[in-house]
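Results of the structural survey
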Amino acid sequence: MKKIAILCTIIMLASLPVVVVCCAAPAPAPAPTPAPTPQPTTEPTPAPAPPPAPTPPPSPAPTGASDVQITHIFYDGLVPRVESDEYVAIKNLGDMPQDLAGWLLKDISEGYPSFTFPHYILEPGATVRVYTNEIHPEWGGFSFGYGKAIWNNKDPDIAALYDAQGQEVSRKSY
């Protein structure tokens, strides 16, 4: 429904009313309501979430353990058929002595055999060898005591070294 405004004007002559004039006109349109002006908020806009962190690398080996590494696998022994002179060389590349008690050397390609070190201090820069089935005191005197070749001559095997807590500290293939 539209609103109409009525305007009346009284014309007076000599203090007597003479004419009354009235007219109807549409009411003026209301002024449009202004759009609200954006007001700054008192709460800060939250920052977008940071991207997910990358997967962390595996836990580092215990202190000093990463300095002890398999440096060589002599896999093609000279002793016919049994290759008892095969060996794995392990070196302390760090500057601190390392007790190898309870450490394990294993052919992980086959899952066996394995050799567990007795108490033995590997000095900085020193190398020991673990032979297939020979004892060499000048290289630590360690042997798997295995009656046949361990390291495959045609398909490379992998040797792994584990510290006394069972953490892999070195791996080597040929």
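Residues numbered from 1 in each chain as written. Predicted model: local features only at pLDDT ≥ 70, side-chain atom pairs only at ≥ 80, totals over all residues. Heavy atoms only, no water.

Things to note about the overall build of the protein
- A tally of helices and strands in the protein yields zero helices and twelve strands.
- Going from the N terminus to the C terminus, the protein shows its helices and strands as β-β-β-β-β-β-β-β-β-β-β-β.
- The proportion of buried residues among the 174 residues of the protein is 24%.
- When the accessible area of the protein is evaluated, it comes to approximately 12100 Å², of which 61% is carbon and sulfur surface. (Helix = DSSP H or I, 4+ residues; strand = E, 2+ residues; numbered from the N terminus. Buried < 20%, exposed > 50% of the residue type's maximum accessible area, 1.4 Å probe, protein only. Areas by Shrake-Rupley, 256 points an atom, 1.4 Å probe, with all protein chains shown as cover.)

Some words on the pairing of strand E6 (residues 104-107)
- Here E6 shows one buried face, formed by Leu105 and Asp107, and one open face, formed by Leu104 and Lys106.
- Strand direction decides the pairing type here: E6 and strand E7 (residues 114-116), joined by three bridges, are antiparallel. Bridge pairing in E7 places Leu104 opposite Thr116.
- Counting the residues between successive antiparallel strands, the hairpin from E6 to E7 contains six residues, one of them, Gly111, with a positive phi of roughly 90 degrees.
- Across four bridges, E6 lies against strand E11 (residues 158-162) in antiparallel orientation. Looking at E11, one finds that Lys106 is bridged to Ala160. (Pairing = 2+ DSSP bridges.)

Description of the sheet that holds E6
- Read from one edge of the open sheet, four strands run E7-E6-E11-E12, paired in antiparallel fashion. The sheet is open, and its two borders are formed by E7 and strand E12 (168-173), each paired with just one other strand. Across the sheet, the mean angle from the axis of one strand to that of its neighbour is 15 degrees, orientation sign disregarded. (Axes fitted to C-alpha atoms, helices over the stretch in contact; angles between N-to-C directions.)

Examining the confidence of the model for the protein
- Averaged over every residue, the pLDDT of the protein is 81; the share at 70 or more is 63%.
- Residue range residues 7-13 is modelled with pLDDT below 50. Its contacts to residues more than four positions away, or to other chains, number 16 contacts.
- Low pLDDT, under 50, characterises residues 55-65; the predicted model gives this stretch eleven contacts beyond four residues in sequence or across chains. (pLDDT = per-residue confidence, 0-100. Contact = heavy atoms within 4.5 Å.)

Looking at unusual backbone geometry
- With an omega of -10 degrees, the peptide bond between Tyr112 and Pro113 qualifies as cis.
- Relative to the elements of secondary structure, Pro113 occurs in the loop between E6 and E7.
- One non-glycine residue, Arg81, lies in the positive phi region at around 60 degrees.
- With respect to the helices and strands, the residue Arg81 is situated in the loop between strand E3 (68-74) and strand E4 (87-92).
- With phi around 45 degrees, Glu83 is a residue other than glycine that occupies positive phi space.
- By secondary structure assignment, the location of Glu83 is in the loop between E3 and E4.

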